Amino acid sequence: MKNLNSVFAAYAIGWAVFFVYYLTVASRTLALRKDLARMKRALTERK
Amino acid sequence: MKKQFVGAATTIILVVLAGYAALFVAPTERTMGTIQRIFYLHVSSAWTGLTAFFICFVGNLLYVFRRQPRWDWLGVAAAEVGLAFTTVVLITGPIWAHPVWGIWWTWDARLTSTFVLWLLYASYLVLRTLVEEPERRGLLSALFGIFCFLDAPLVFGSIRWWRTQHPQPVFMGGAGSGLDPTMWKVTFFFWFSCLALMALLMSQRYQLEAMRGELETIRREAETQ
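Quick look at the structure, then. Every value quoted in this text rests on a predicted model; they were computed, and no experiment measured them.

**Thoughts on the overall build of chain A**
Counting secondary structure elements, chain A contains 1 helix and 0 strands. Along the three orthogonal principal directions, the C-alpha set of chain A runs to about 70 × 5 × 5 Å. Expressed as a percentage of its 47 residues, the buried residues of chain A come to 17%.

Structure representation (structure tokens):
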């Protein structure tokens, strides 16, 4: 089982890249959703 | 919301099963041994990355001809997801190469063209942050995106046209190329799981871009009032 650590490292890093990317998309979506709601509220108040 | 949850849960199950198949079901390769198991993640990520860049290319072309924002959103979503998959290729490649070649990296045609592809799409995303006006940003990035995709056939052909440190292709590589039947099954299952992950990430990213488009429209309307 030579190089088993390298295999696990490759898979761990690979999945981590996708997971972190998913988190960044989710956090950007959340921030944008808040912005959008605030903007819509401000527009209705102005009307 | 329920649909999204089901999609995400199915993708996670597929990815876990694919990981299990790559690590425990696929036979150990005779020459390289255990380290060859990186192949399933490395190759599937490369194929998925190229698929995402092709979707970006189609989105870019459609934006140039139709000028509908949804094609621009598709382009940016596909470019970002393709970049994530190519990042995995560029990380897993050296981890695999070091014990086999004795070096982490070499500037051969395949490695260099893949790195250039990564740089081009990273530039595509940077370019988008530099232009404020949505129509101008859409057109400029679509044209640049079409240019970026010119490198994709070079990545595909590099190990077929030139002698490289990178191994010769196992898929569509002509006589002498190929894999053990179980390895093929695991490879295609792994690729399928990566495609499901790509679809999930791309749909999330597309929604984000659509929301950004809506916010820009509302902001412009507010400014004109």
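Here the narrative resumes.
**Some remarks on the overall build of chain B**
The helix and strand tally for chain B stands at 7 helices and 0 strands. Going residue by residue from the N terminus, the α and β elements of chain B occur as α-α-α-α-α-α-α. Principal axes of the C-alpha set define a box for chain B whose edges measure 70 × 40 × 30 Å. Across the 225 residues in chain B, those meeting the buried criterion constitute 36%. Partitioning the contacts of chain B with sequence separation of at least 6, the portion at a separation of at least 24 is 76%.

**Points about the interface of chain A and chain B**
Contacts between chain A and chain B engage 25 residues on the former and 29 residues on the latter. Residues of the side of chain A that touches chain B, tallied by class, amount to 16 nonpolar, 4 polar and 5 charged.

**Considering the packing of helix α2 (residues 38-66) of chain B against helix α7 (residues 181-224) of chain B**
Residues and elements named next belong to chain B. α7 packs onto α2 with a crossing angle of 45 degrees between their chain directions and a minimal axis gap of 9 Å. Relative to α7, the element α2 is oriented oblique. Crossing of α2 over α7 shows right-handed handedness. Contacts between α2 and α7 involve Tyr40, Val43, Ser44, Ser45, Trp47, Thr48, Thr51 and Ala52 from the former and Val186, Thr187, Phe190, Trp191, Cys194, Leu195 and Met198 from the latter. Across the contact of α2 with α7, the residue classes tally to 10 nonpolar, 5 polar and no charged.

**Comments concerning the packing of helix α3 (residues 69-101) of chain B against helix α5 (residues 134-149) of chain B**
Residue and element names in this part refer to chain B. Running from N to C, α3 and α5 cross one another at 50 degrees; their axes reach a closest spacing of 10 Å. With respect to α5, the axis of α3 lies oblique. Two packed elements cross with a definite hand, and for α3 against α5 that hand is left-handed. Each of Pro69, Asp72, Gly75 and Ala79 in α3 lies in contact with α5, whose residues at this interface are Gly138, Ser141, Ala142 and Gly145. In terms of residue class, the contact of α3 with α5 is built from 3 nonpolar, 4 polar and 1 charged.

**Focus on the nonpolar core**
Ranked by internal contacts, the top residues of the largest apolar core, which has 55 residues, are Phe53(B), Ala78(B) and Val81(B). Mapped by element, the contributors of at least two residues to this core are α1 (4-46) of chain A together with α1 (2-25), α2, α3, α4 (109-130), α5, α6 (151-161) and α7 of chain B. In terms of residue count, α3(B) provides more of this core than any other element does, 15 residues in total. The residues touching Phe53(B), leaving out its near neighbours within four places in the chain, are Ala78(B), Gly82(B), Tyr121(B), Phe149(B) and Ala152(B).

**Thoughts on α2(B)**
If you check α2(B), its first and last C-alpha atoms are 42 Å apart, about what 29 residues at 1.5 Å a residue would give, namely 42 Å. Downstream of α2(B) by one or two residues, Arg67(B) has phi in the positive range, about 55 degrees.

**As for unusual backbone geometry**
Of all residues except glycine, most have a negative phi; of all peptide bonds, most are trans. For Arg67(B), which is not glycine, the phi torsion reads 55 degrees and is therefore positive. With respect to the element layout, Arg67(B) can be found in the loop between α2 and α3.

**Re the environment of Val88(B)**
Mapped onto the elements of the fold, Val88(B) is located in helix α3. Each residue touching Val88(B), except ones within four places of it in the same chain, is listed here: Gly14(A), Val17(A), Leu41(B) and Ser45(B).

Scoring rules and cut-offs
- Residues numbered from 1 in each chain as written.
- Chains lettered and ligands numbered in written order.
- Predicted model: local features only at pLDDT ≥ 70, side-chain atom pairs only at ≥ 80, totals over all residues.
- Helix = DSSP H or I, 4+ residues; strand = E, 2+ residues; numbered from the N terminus.
- Buried ≥ 20, exposed ≤ 12 C-beta atoms within 10 Å, placed from the backbone.
- Contact = placed C-beta atoms within 7 Å.
- Nonpolar A, V, L, I, M, F, W, Y, C, P; charged D, E, K, R; others polar.
- Axes fitted to C-alpha atoms, helices over the stretch in contact; angles between N-to-C directions.
- Parallel < 35°, antiparallel > 145°, perpendicular 65-115°, else oblique.
- Left-handed = near helix turned anticlockwise from the far one by under 90°.
- Core = buried A, V, L, I, M, F, W, Y, C linked by C-beta atoms within 7 Å.
- Expected span 1.5 Å × (residues − 1).

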